[in-house]
Amino acid sequence: QGPEAVSPTGSPTGEPANSRAQSGQYLTTAQGLRVGDTDHSLKAGPRGPILLQDHHLREKITHFDHERIPERVVHARGAGAHGVFRSYGTASRITKAGFLAPDVETPVFVRFSTVLGSRGSADAVRDTRGFSTKFYTDEGTYDLVGNNIPVFFIQDGIKFPDVVHAAKPHPDREIPQAQSAHDTFWDFVSLHTEAQAHTMWNMSDRGIPRSYRTMEGFGVHTFRLSDEAGNTTLVKFHWKPKQGVHSLVWEEAQIINGMDPDFHRRDLADAIEAGAYPEWELGVQTFPDTEDQMFEGIDLLDPTKFVPEELAPVQPIGLMTLNANPTNYFAETEQVAFHPGHLVPGIDVTNDPLLQVRLFSYLDTQISRLGGPNFAQIPINRPHAPVNDMLRDGMHQTAVHGGVAPYRPNSLDGGCPFLAGHDMGAFVDVPEELAASVKERRNPASFDDHFSQARLFFRSLTPVEQDHVIQAYTFELGKCYEAAVRERQLMALANIDAGLCAAVAIGLGMPAPGATVQVPDPGPSPALSQVGKTWPVA
Ligand code: HEM
């Protein structure tokens, strides 16, 4: 039998907040032995040396020596909050997921993050933001591990280590922290032009959100929902903040990073403490699950592409309210483990080659980050659904498993064969015909266009917002030492928008190159300019 469920809000263990705080009349060791003096080590005489037999000293120092766990390999800096998700039921016509049925309340834990900086880096840097939500549903834990930008840098997860190596601080001096202002970042995105659309969002005001509370969230990939009858629909998930979408301007961000590097985590915690609970509506864009998985010329399996809302409106399916701060940062925000493969019946993945690699990566990294395979027993990671697994032993095992037969079927512990069919509420992988049976390492031709969506986004911005984009490219590329890298990035901008390229080139004091690629012109996008305005609730 697995560990107990967590409580919906407040302390994940359900214990009163101070139950494990320093309290009581006596200080004790971890073994409960009362300690009379914790300020003086046991020495041979008053001037030492210190004796090895001082077990209290050794316990205290040894435990301290092991207090840190590795920070996340990406998204190391974050802030979390507990809350509740209430579904409108509007999604129940396309998914059998129980937590999306009408009026179901599900406890959630959310962690917002920057991507590139270390745990102690500043909040208001120019970067993508993570937006991860853990839904503790009755059918098992569902994680929506998203970002505040709807497109990603790369089309195939095999490049993820490469883009992160390029975007993290330089390996020689380990600077800069969490800024795109360095040669390797621009080297990568100018050579791997599929990254241009995400980079454009980073250079826009979306790269410097005013608050976690004023960010949109995106699942990025296309997911597959299925109903009771097995009908499937492709969807993209969106979080829309009730607070509206607001950004900083660059000068503000720089001052804030100097004066209050904790700006975003302080803002989130203060708002919740004051009872100003932030809210987001969850919505979906829906697409027919056709054989080619294309929609209006956009390949739904290409994670560098979004679908404009004018082509597929976002339909609201529920409301999330964050209403409690974590009791303990380490226990909750640091130890929480999200995974795009934490799915529930009615929500399945697609063959998006970025998502497919993510499905491998998260569990793998967490085994090393959280010290072995049993981190689902850490209170914040415990499901609310009953757990009855056959996983045994391993590092940091805290469950005391009974029985003798952790295998099925067995005739000794009452372990019957699994029930057949769907009615047991099990996860059913949606059967899917595979398009090809030839092993190959290449992208489909529908992934070839790297520039039109960057152009679509840039041209949807107001003149003031476009000016911010020009200033951001100029500032960041101005920090790039290699002229050849700056030139190559200007060539990418030329393929996106000649005016943008010319303005940045003037800022850099360099000649503006001409376009080298014919990019389909997507035209203006009125839907994008709606972002941040009032969003209708069905
Ligand atoms: C965190 C890998 C793409 C969103 C992480 C972590 C890894 C990782 C190893 C650290 C997890 C941990 O230590 O708990 C990858 C790989 C990707 C990829 C291999 C591509 C193949 C993405 C994309 C998104 C995303 C496309 C957004 C849609 C996040 C978020 C976190 C995260 C939000 C932080 C989770 C938290 O708050 O704990 N990723 N990632 N990642 N990733 Fe990804």
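The name given to the protein chain in an unreviewed UniProt entry is Catalase, with the source organism recorded as Pseudarthrobacter enclensis. Per UniProt, the protein chain carries the Function (unreviewed entry) text "Decomposes hydrogen peroxide into water and oxygen; serves to protect cells from the toxic effects of hydrogen peroxide." Per its UniProt entry, the protein chain bears the Sequence similarities (unreviewed entry) comment "Belongs to the catalase family. HPII subfamily."

*Asks:* So what's going on with the site of the ligand? Which residues, and what values?
*Replies:* Surrounding the ligand, one finds 27 residues, the nearest of these being H75, R111, G130, G157 and S361. Counting only elements with at least two residues in the shell around the ligand, the list comes to β4 (105-114), β5 (129-137), β6 (140-147) and α8 (353-369). No other element matches the 8 residues that α8 contributes to the shell around the ligand. When grouped by side-chain class, the residues that make up the shell around the ligand number 12 nonpolar, 11 polar and 4 charged.

*Asks:* Account for the nonpolar core, with residues named and values stated.
*Replies:* Within the largest apolar cluster, 96 residues are counted, with the highest numbers of intra-cluster contacts made by L493, L500 and V504. A total of 6 residues in this core trace back to one element, the largest contributor, which is helix α11 (residues 483-496). Ignoring anything within four residues of it in the chain, the contact list for L500 reads F458, I470 and L493.

*Asks:* Hey, could you go over helix α9 (residues 452-460) for me, with residue numbers and the actual values?
*Replies:* Counting buried positions over the 9 residues of α9 gives 7, a clear majority of the element. Every buried residue of α9 is listed here: Q453, A454, R455, L456, F457, F458 and S460.

*Asks:* Tell me about the packing of α11 against helix α12 (residues 498-508), and please be specific about residues and values.
*Replies:* The N-to-C vectors of α11 and α12 enclose an angle of 155°; their axes lie 6 Å apart at closest approach. The angle between the axes of α11 and α12 places the two elements in the roughly antiparallel class. Between α11 and α12, the residues in contact are R486, L490, L493, A494 and I496 and A498, L500, C501, V504, A505 and L508, respectively. When the residues that make up the contact of α11 with α12 are grouped by side-chain class, the tally is 10 nonpolar, no polar and 1 charged.

*Asks:* If you had to explain the UniProt feature "binding site: heme" (unreviewed entry) in the protein chain to someone new, which residues and values would you point to?
*Replies:* Summarizing the sequence annotation, UniProt attributes the feature "binding site: heme" (unreviewed entry) to R72, R111, F160, R358, Y362 and R369 in the numbering used throughout. Here R358 is to be found in helix α8. Apart from the residues within four sequence positions on either side, R358 is in contact with G157 and P340. Mapped onto the fold, R369 is located in helix α8. In contact with R369, other than residues within four places in its own chain, are I69, P70 and R72.

*Asks:* Lay out the UniProt feature "active site" (unreviewed entry) in the protein chain with the relevant residues and their values.
*Replies:* In the numbering adopted here, UniProt assigns the feature "active site" (unreviewed entry) to H75 and N147. For the residues just named, distributed over 73 residues, the greatest C-alpha separation is only 10.5 Å, placing them together at one site. Tracing the chain through its elements places H75 in the loop between α1 (55-65) and β3 (78-87). When the 22 C-beta atoms within 10 Å are taken as the criterion, H75 is described as buried. Not counting residues within four places of it along the chain, the set of residues in contact with H75 comprises S113, V115 and G130. Position of N147 relative to the elements: it lies in strand β6.

Rules of the game
- Residues numbered from 1 in each chain as written.
- Predicted model: local features only at pLDDT ≥ 70, side-chain atom pairs only at ≥ 80, totals over all residues.
- UniProt positions renumbered as here; feature names shortened; annotations may be inferred.
- Near = placed C-beta within 6 Å.
- Helix = DSSP H or I, 4+ residues; strand = E, 2+ residues; numbered from the N terminus.
- Nonpolar A, V, L, I, M, F, W, Y, C, P; charged D, E, K, R; others polar.
- Core = buried A, V, L, I, M, F, W, Y, C linked by C-beta atoms within 7 Å.
- Buried ≥ 20, exposed ≤ 12 C-beta atoms within 10 Å, placed from the backbone.
- Contact = placed C-beta atoms within 7 Å.
- Axes fitted to C-alpha atoms, helices over the stretch in contact; angles between N-to-C directions.
- Parallel < 35°, antiparallel > 145°, perpendicular 65-115°, else oblique.

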